[in-house]
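Listed below are the residues making up each chain.
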Amino acid sequence: MASAPALLALVCLAAAVVCSPVGTNCVAKNFGYDSVVCECNSTYCDSVGSVTLPQLGQYSSYLSSKAGSRLHPSHGHFQVNSTGAGLRLTILTYQKYQRIRGFGGAMTDAAAINVLSLSPGTQDQLLRQYFSSEGIGYTVVRLPVASCDFSTRLYTYADTEGDFNLDNFTLAPEDVNMKIPLLQRAQALSPQPLSLLASAWSAPSWLKTNGALIGKGSLKGEPGGKEYKTWANYYIRFLQEYAKHNLTFWALTTGNEPSAGHITNYSFQALGFTAEQQRDWVALDLGPALHASSFPHTHVLILDDNRLLLPYWAKVVLSDIQAGRYIHGVAVHWYMDSFVPAESSLGAVHHLYPEYYLFGTEACSGWSALDRGVKLGDWGRAEAYAHDILEDLNHHVVGWTDWNLALDQTGGPSWVKNFVDSPVIVDAKRDVFYKQPSFYAMAHFSKFLLEGSQRTGVSASEKTQLEFSAFIRPDSSVVLIVLNRSSTEVQFEVWYPGVGYIPATAPAHSILTLAWNTG
C-alpha cells in the first residue's frame, strides 16, 4: 500500500489542486479488511490540526477514502468559468433549513474503562483526538444514567427498596472514579462548552412491574403516582449530583429505547413505556419536576428509540399541550433505518411539528448478528455512518451521536457480551489506540459543522450517485460534504453564485469536505 504522503500526492494530482503541507500523517495498519486504521500512542497521532480557511476566491478540501486517505488536506482556486463537468452542484443560499447543534459520542462505563486502561499520555492523546481544537470537534457527550449493557455490572443509584424519597441516592464508583474525571478532562480540552446528554436505561427494580433491571417491565402504578414521580425525581437527583462536579446537562431523554421494555426475555437493562405513558409522565411528573428544580432550562427529548416508531410516537406525545410545553425535541437511533424511509419518519415529524428539533442519539456498527463486533479497517462501516448522517441532516436532524467513544479489540467490555464496533479501538497491552475509518467519517461532519451552522439548499444538474449536503457556518463560510459510495470516480463542479466554480473529484468510495469563505 502506498504511503500517506504518496497517496496525498496522487490525490492532489488527480484533483488538479495545490496541496497544503501535511501536519501529521496516519500511521496506517492493515488488519485484513478493505482499508486501514491509524495507530496512535502517547507521543504521536495523525491530525490535520486547527482548520483555517483560505482567503476569498480559494477553497480547502479534505478527503478520506477506502484507498487510504484520511482527512488529507488540499486547497485550490475558484474558477471564473464553468469547468464543463457534466455534474454541477449549485449552492442555493436562499434555501435555509435547520441549524446544527453538534456531534459526539457516549461516555459509557466501557468507554471510560478503555480510555483509563491506557497510560496517562495516551489517554490525553485519545481525548484530544475527540475534543480539542486539533481533534475532530466533538461537542456532544451522551451519558447513561447508571448502568447499561456497556457496563461490567448491573446497578442503579437507588437500590434501597421503598426509598421513594431517594434518601439513599448515591452515584456509583463508575461515575465518581471514571466518567466524571474523564468528562472534566474532555471539557478542559474543548474550546467550547460540551453539551452533555443524559439517558437512563432502567429504573431501580423495586419501582418496576417485573422487579428486575432487565427484561420486559415498566413502572408500577400510573403517571402522576408515586412510582412515576420518584422516577422523575431520580433524574433530578442525577443532575444535582453531577452539578456538584461542575458538570451540567444540556438535555436529557425520557429513557433509552422504551420499546425494548415491552420485549419478552429482553436481555439488557430496559424500561418499557408506551407513547401514551411517556406523554403523561412528562406532563404530570418529569416536566413539572424539572421546571421546579435548579435545571429548568435542561432540554427534554422524547423517544430515544428507532425512527420506525415515527411519526406515530411524536403525534401521541407532541399533540398533547400539557406534555408538549416541556419538550424540546425528538431523539432517534439509527438501528433499522434502512427499513424506514427518512421522509416518512423524520420528514413527517418535522413538517407536523417544526417547533421541535430532531436529534440522533445513538449509532454503532457491528450490532447486527450478521455483521457482529469489531472490524479494524472496514471502510463500509465508515460509508454507512456518512450515509446515515447525510440522510438525517437532509431530513432536518440537528446533530448525530455515536455510541461508545472507545472499546477494546473484542468490542467490549459488556456484561451481556453485546460486542459492537467503535470509531476508536484500544489495545491496552501495547498502550495504543486505533482510529477506525468511521472515526474519519464522523470527522468530516463534526470538525466542520460548527454549532449554529445552517443547512442550505444544493441542487444537482443531473441524477447522480453522489450524496451531499451543504451548510453556511456562523462566520458565513460554506461547507459542502460529499459521499461517493460507488466504485467509480466522479468528476463534478461546485457553483457558488457570486464567487465561481470549484473543479472537484470524488474518488471511488470516498468522503470529501469542501469549505470556503464568502467574504
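### A look at the overall build of the chain
Part 1 of the reasoning: Helix and strand counts for the chain come out as 11 helices and 22 strands.
Part 2 of the reasoning: For 519 residues, the compact-globule formula gives about 24 Å, and the C-alpha radius of gyration of the chain, at 23 Å, lands near that figure.
Part 3 of the reasoning: Its C-alpha atoms put the chain at 70 × 50 × 40 Å along the principal axes.
Part 4 of the reasoning: Taken across its 519 residues, the chain has 61% of its residues classed as buried.
Part 5 of the reasoning: A sequence separation of at least 24 residues applies to 74% of the contacts in the chain between residues at least 6 apart.
Part 6 of the reasoning: One way to put it: in the chain the 35 positive side-chain charges average out to a point 1 Å from where the 44 negative ones average out.

### Notes on the layout of surface pockets
Part 1 of the reasoning: A volume near 500 Å³ is recorded for the largest pocket.
Part 2 of the reasoning: In terms of lining residues, the largest pocket is bounded by 23 residues, among which E257, Y266, F268, W367 and N418 are the most central.
Part 3 of the reasoning: Among the residues forming the lining of the largest pocket, the class breakdown is 13 nonpolar, 5 polar and 5 charged.
Part 4 of the reasoning: In this structure, the second largest pocket spans a volume of roughly 370 Å³.
Part 5 of the reasoning: As for the second largest pocket, its lining consists of 20 residues, and the residues nearest its centre are G137, Q192, S446, K447 and L450.

### Section: the state of the cysteines
Part 1 of the reasoning: Summed over all chains, the structure comprises 2 disulfides.
Part 2 of the reasoning: Disulfide pairing is shown between C40 and C45; the S-S distance is 2.0 Å. Measuring the twist about the S-S bond at about 55 degrees, one finds the C40-C45 disulfide to be right-handed.
Part 3 of the reasoning: C40 sits in the buried class, given a relative accessible area of 1%.
Part 4 of the reasoning: A residue is classified by how much of its surface remains accessible, and C45, at 8% relative accessible area, is buried.
Part 5 of the reasoning: C148 carries a free sulfur, and the closest cysteine sulfur to it, the one in C364, is 11 Å from it.
Part 6 of the reasoning: Assessed through its relative accessible area of 1%, C148 is described here as buried.

### Section: the sheet that holds strand 18 (residues 467-472)
Part 1 of the reasoning: With mixed pairing, the 9 strands of this open sheet are ordered in space as 4-3-22-19-18-17-5-20-21. Sheet topology places strand 4 (72-77) and strand 21 (500-506) at the edges, where each strand pairs with a single neighbour. Ignoring which end each strand starts from, the neighbouring axes of this sheet average 30 degrees apart.
Part 2 of the reasoning: In terms of strand pairing, strand 5 (residues 88-99) meets strand 17 (residues 454-460) through 6 bridges, oriented antiparallel. In the strand pairing of strand 17, R99 is matched with Q454.

Parameters at a glance
Residues numbered from 1 in each chain as written. Predicted model: local features only at pLDDT ≥ 70, side-chain atom pairs only at ≥ 80, totals over all residues. Heavy atoms only, no water. Helix = DSSP H or I, 4+ residues; strand = E, 2+ residues; numbered from the N terminus. Rg over C-alpha atoms; globule rule 2.2 N^0.38 Å. Buried < 20%, exposed > 50% of the residue type's maximum accessible area, 1.4 Å probe, protein only. Contact = heavy atoms within 4.5 Å. Lys, Arg positive; Asp, Glu negative; His and termini not counted. Charge placed at Lys NZ, Arg CZ, Asp CG, Glu CD. 1 Å grid on protein atoms, 1.4 Å probe; cavity = no way out; pocket = protein on both sides within 12 Å on 5 of 7 lines; lining within 4 Å. Points joined across faces, edges and corners; volume = space filled by probe spheres on them. Nonpolar A, V, L, I, M, F, W, Y, C, P; charged D, E, K, R; others polar. Disulfide = S-S within 2.5 Å. Pairing = 2+ DSSP bridges. Axes fitted to C-alpha atoms, helices over the stretch in contact; angles between N-to-C directions.

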